[in-house]
Amino acid sequence: MLDAKIPKGKLEDKWTEYKGHCKLVNPANKRKLEIIVVGTGLAGASAAASLGELGYKVKAFCFQDSPRRAHSIAAQGGINAAKNYQNDGDSIFRLFYDTIKGGDYRSREGNVYRLAEVSANIIDQCVAQGVPFAREYGGLLSNRSFGGVQVQRTFYAAGQTGQQLLIGAYQALERQVALGNVTMYTRHEMLDVVVIDGKARGIVCRNLITGELERFFGHAVVLCTGGYGNVFYLSTNAMGCNVTAIWKAHKKGAYFANPCFTQIHPTCIPVSGDYQSKLTLMSESLRNDGRIWVPKKQNDTRKANEIPEEERDYYLERRYPAYGNLVPRDVASRAAKERCDAGYGVGTSKQAVYLDYASAIQRYGKAEAHKHGIDNPSPEQIKQMGDEAVKEKYGNLFDMYEKITGENPYEVPMRIYPAVHYTMGGLWVDYELMTSVKGLYALGECNYSDHGANRLGASALMQGLADGYFVIPYTIGNYLADEIRTPVIPTTHPAFEETEKNVAERINKLMNIQGTETVESLHKRLGKIMWDKCGMSRNAEGLKEAIEEIRALKKEFWSNVKIPGSVDEFNPELDKAGRVADFIELGELTCIDALQRDESCGAHFREDHQTPEGEALRDDANFMYVSAWQWKSNDEWELHKEDLVYEEVHPTQRSYK
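Each chain has its residues counted from 1, running along the sequence as written. pLDDT decides what is reported in this predicted model: residues at 70 or higher carry local features, side-chain atom pairs at 80 or more are listed and counted, and totals for whole chains, interfaces and linings draw on all residues regardless. Just so you know, side-chain values use all the structure's heavy atoms and leave hydrogens and water out.

(A) Representation of the packing of helix H4 (residues 92–102) against helix H5 (residues 109–129). Running from amino to carboxyl end, H4 crosses H5 at an angle of 135°, the nearest separation of the two axes being 8 Å. Taken together, the axis directions place H4 and H5 in an arrangement best described as oblique. Both H4 and H5 take part in a crossing whose hand is right-handed. When H4 is examined against H5, the residues Ile-92, Leu-95, Phe-96, Thr-99 and Ile-100 are found in contact with a partner set consisting of Glu-109, Val-112, Tyr-113, Ala-116, Glu-117 and Ser-119. Between N-to-C directions, angles span 0 to 180 degrees; the directions come from axes that are lines fitted to C-alpha atoms, helices contributing only their stretch in contact. The helix and strand labels rest on DSSP assignments: H or I over at least four residues marks a helix, E over at least two residues marks a strand, and numbering proceeds from the N terminus. Each angle is binned into one of four classes, with values under 35 degrees roughly parallel, values over 145 roughly antiparallel, values of 65 to 115 roughly perpendicular, and all other values oblique. Working rule for handedness: look at the near helix, and if it is turned counterclockwise from the far one by less than a right angle, call the crossing left-handed; if clockwise, right-handed. Contacts are residue-level and defined by heavy atoms, with any inter-residue pair within 4.5 Å sufficient.

(B) Structural detail: the nonpolar core. Among buried residues, those of type Ala, Val, Leu, Ile, Met, Phe, Trp, Tyr and Cys that are joined through side-chain atoms within 4.5 Å constitute a nonpolar core. Relative accessibility under 20% of the residue-type maximum defines a buried residue, over 50% an exposed one, and the middle range a partly exposed one, all with a 1.4 Å probe and only protein chains included. Core analysis: the largest hydrophobic core is formed by 187 residues, its most contacted members being Ile-79, Leu-223 and Tyr-441. Residues in contact with Leu-223, not counting those within four places in the same chain, are Val-38, Met-190, Ala-245, Ile-246, Ala-249, Leu-427, Leu-440, Tyr-441, Ala-442, Leu-443 and Cys-446. Grouped together as the second largest cluster of nonpolar side chains are seven residues, Ala-304, Ile-307, Val-346 and Ala-352 included.

(C) Focus on the pattern of salt bridges. For this document, the term salt bridge refers to a Lys or Arg side-chain nitrogen within 4 Å of an Asp or Glu carboxyl oxygen. Scanning the model with the defined rule gives 64 salt bridges in all. In this structure, Asp-192 and Lys-252 form a salt bridge, with 3.5 Å as the shortest nitrogen-oxygen distance. With Asp-192 in strand E6 (residues 188–196) and Lys-252 in the loop between helix H7 (244–251) and strand E10 (256–257), this pair connects stretches of sequence that are 60 residues apart. Exposure remark for Lys-252: the relative accessible area of 31% places this residue in the partly exposed category. Between Arg-339 and Glu-338 there is a salt bridge, and its shortest N-O distance comes to 2.8 Å. Since its relative accessible area comes to 13%, Arg-339 is described here as buried. Take Glu-338: its relative accessible area is 33%, and that puts it in the partly exposed class. If you follow the salt bridges from partner to partner, you end up with Asp-104, Arg-106, Asp-330, Arg-334, Arg-597, Glu-599, Arg-618, Asp-620 and Arg-654 in one network.

(D) Structural context of the packing of aromatic side chains. Each Phe, Tyr or Trp ring, with Trp reduced to its six-membered ring, pairs with another whose centre is within 6.5 Å; inter-plane angles below 30 degrees give stacked pairs, above 60 give edge-to-face pairs, and intermediate values give tilted ones. By the definition in use, this model includes 27 aromatic pairs. A centroid spacing of 5.1 Å and a plane angle of 90° characterise the contact between Tyr-357 and Phe-398, whose relative ring orientation is edge-to-face. Note that Tyr-357 is positioned in the loop between strand E14 (353–356) and helix H10 (358–371) and Phe-398 in helix H11 (residues 379–405), a separation of 41 residues in sequence. You'll find Tyr-357 and Phe-398 in the same group, each marked buried.

(E) Representation of empty space enclosed by the protein in the model. In this analysis a 1.4 Å probe is tested at points of a 1 Å grid over the protein atoms alone, and where it fits but cannot get out there is a cavity; an open set with protein on both sides within 12 Å along at least five of seven lines is a pocket; lining residues have an atom within 4 Å of a point. Grid points are joined across faces, edges and corners, and a volume is the space filled by probe spheres set on the points. Per the counting criterion, the structure on display carries three cavities of 30 Å³ or more. The calculated volume of the largest cavity comes to roughly 50 Å³. Looking at the largest cavity, the residues that line it are Asn-111, Arg-114, Leu-115, Val-118, Leu-433, Ser-449, Asp-450, Ala-466, Asp-467 and Val-471. Per-element tally for the lining of the largest cavity: the top contributor is H5, with four residues. Tallied by class, the residues present in the lining of the largest cavity amount to five nonpolar, two polar and three charged. Polar here means any residue outside two lists: the nonpolar Ala, Val, Leu, Ile, Met, Phe, Trp, Tyr, Cys and Pro, and the charged Asp, Glu, Lys and Arg; Gly therefore counts as polar.

(F) Spotlight on the environment of Tyr-431. Residue placement: Tyr-431 occurs in the loop between strand E16 (426–427) and strand E17 (440–442). Residues Tyr-431 and Thr-475, 44 residues apart in the sequence, show an inter-C-alpha distance of 8.6 Å. Among residues more than four places away in sequence, those in contact with Tyr-431 are Ala-4, Lys-5, Ile-6, Pro-7, Lys-14, Trp-15, Tyr-18, Arg-108, Gly-110, Asn-111 and Arg-114.

(G) Summary view of the side chain of Asp-104. With respect to the helices, strands and loops of the structure, Asp-104 is situated in the loop between H4 and H5. Assessed through its relative accessible area of 1%, Asp-104 is described here as buried. The residues contacting Asp-104, other than those within four sequence positions of it, are Ala-453, Cys-601, Gly-602, Ala-616, Arg-618 and Arg-654.

(H) Seen up close, H4. Among all positions of H4, only Leu-95, Phe-96, Asp-98, Thr-99, Ile-100, Lys-101 and Gly-102 are buried. Those residues of H4 that are buried are in contact with H5 and helix H12 (460–480). The first or second residue beyond H4 is Asp-104, which carries a positive phi of 55°.

(I) Looking closely at the packing of helix H13 (residues 494–513) against helix H16 (residues 572–596). For the pair H13 and H16, the least separation of the axes is 11 Å and the interaxial angle reads 105°. The pairing of H13 with H16 is recorded here as roughly perpendicular in orientation. The residues of H16 that touch H13, namely those facing Arg-506, Ile-507, Leu-510 and Met-511, are Leu-574, Gly-578, Ala-581 and Asp-582. Class assignment for the residues of the contact of H13 with H16 results in five nonpolar, one polar and two charged.

(J) Quick look at the sheet that holds strand E7 (residues 199–207). The criterion for strand pairing is that DSSP finds at least two bridges linking the strands in question. Strand order in the open sheet formed by three strands is E6-E7-E8, with antiparallel pairing between adjacent strands. In the strand order of this sheet, the two ends are held by E6 and strand E8 (213–217), each with one partner. Geometrically, the sheet is characterised by an average inter-axis angle of 25° between neighbouring strands, direction not taken into account. Where E7 and E8 come together, five bridges link them in antiparallel fashion. Residue Gly-202 lies in a different strand from E8, and its bridge partner there is Phe-217.

(K) Broad picture of the environment of Lys-533. Tracing the sequence through the fold places Lys-533 in helix H14 (residues 519–534). A relative accessible area of 18% places Lys-533 in the buried class. Distance in space between the C-alpha atoms of Lys-533 and Ser-107 is 25 Å, their sequence separation being 426 residues. Those residues within four positions of Lys-533 in sequence are excluded, and the remaining contacts are Arg-538, Gly-542, Leu-543, Glu-545, Ala-546 and Glu-549.

(L) Just the domain arrangement of the protein chain, in detail. Annotation comment: domain bounds sourced from an automatic or database domain assignment. Split into domains, the protein chain comes out as domain 1 (11–263 + 421–483), domain 2 (266–419) and domain 3 (501–643). Counting residues at the interface gives 28 residues for domain 1, matched by 26 residues for domain 2. Buried area is calculated as the accessible area (1.4 Å probe) missing from two parts once they are joined, with the contributions of both summed. By the criterion of area lost to domain 2, the three top residues of domain 1 are Gln-76, Leu-234 and Thr-236, representing 24% of everything that side buries. Pairs of N or O atoms within 3.5 Å make up the polar contacts considered here, provided that, within protein, one atom can donate a hydrogen while the other can accept it, and that residues adjacent in sequence are counted only when both atoms are side-chain atoms. Inspection of the region where domain 1 meets domain 2 yields 14 residue pairs in polar contact (both at pLDDT 80 or more).

As structure tokens, then:
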């Protein structure tokens, strides 16, 4: 069994006890130690800034032209924190419990409690940095609700929370760059980890401008490279998001945990055609005020505003009265799919449901009228004031929807449908966020540690910043305290030579195939296999077929892919080819993991394991563990298990009714 190194003692004391007893590195020794941070989103930027502030020599890498282009910038709705500003019953324990329950009892108690515990510190940190969180009239920070909870604990900056938080972390990072504590390498893609005597000691990168391979040493390597949802081709992720960094680490010995736990977000703009390259997320915060419905009549062709109230089915409110439109993402997604599959879908494709703001506009409009002393406002005044209030809260999201669809969501309901969004799986890490390779850490979405089988909305930003600002500064010191006698290893070391040689051989192999299929077409075919057979629902037969189809696709990729250009130049198609090759291998493991986990839990929905009401049916007796896969060879992995022990919460069948 895997050792998660969770401290002994009471749950609420574990992190305090750990911090009080972990090893420290004195300031003079920190200046001698070098740390590599790969990725500069919220987790990476906050980690690099914090480690630089402590005095370590940090090298930070991103494949974009600036850290500010990390995909964290796309997060919209908010960040959770247990501050109980609303005085509505929130607490650290309640955030911990909601997260465990939302993840369908497939996450580690120790890590999740620590996340809830440090969440309040994140808000204070960000406010001090100048992050412009929304505020109430009197100046207090505002909160709104998100799915899977019954309190308001989500802090936000309109519909651009990720952007504002990233600017805060970026400012902290750039301060350290200016001081010389952090060296920033943009347009560099990590293509392998260098392991010496069982410890991560550096990376090999490709300079994406010149095509050169470059070597970098570090006493420790920290991966903060985000999620791998693009294995499905169509997702809400930026098109550059990939699995390559953590996949290379996986092949060097880092276990890959729970790859089949992929979150399908219920609130996305539906697919509009065969040539679409990505999908657009409409923030879950819209479910805070919007109501989701479909016509009560099958195959109803009327426009939304022509369907009277009594002929609308607000199916989430009907099925889950306690939570209504704020059920967790996996529940809302499956419910939308069920309605569409049953013939109640809307729009030309019939693969959409309505998200309606009419009642919210009326409610806000009446409240605004009262604030202005208007006792009998006209319908026109209510509409105008309601529109303005909604615009203040969600305006950029509404504008984005109108630009993409050509429809005004203030006048007609939005059309939404579930889409691939977030990956709960990732590299296995222990309590210290170290992978199964010593000195190799994984932070944020690229590790598996906090969200179980389904992430609650507004918790991704919380985890990324918690890991970077408040966890890694302690845990990496506990490791590096024993490395102060390790000198800087020259990059002429045989392990660096061998790693670069292997990277170069793979690149040349890709370039020399000179087949007829484009990288994009092969990626699109992989995505179709994954969505059809390992998407919102899975079954054993489909997963077995998917595994064989992906293996056949892999053979075709390595014999028939066409990559134009050359190695020693700017070549985005070559970069993409390497990423898709890794996606194909990941897709195979994802399906193997989904087949092996013969239960339903959270976002992993096996059609042969559901309750009479169509909800996920767990098998705690046989599957209450983390699946951690070790790479052995081509098409072969070994399964390791980390048993999940619940001391504070008792796993039960999730109910949001």
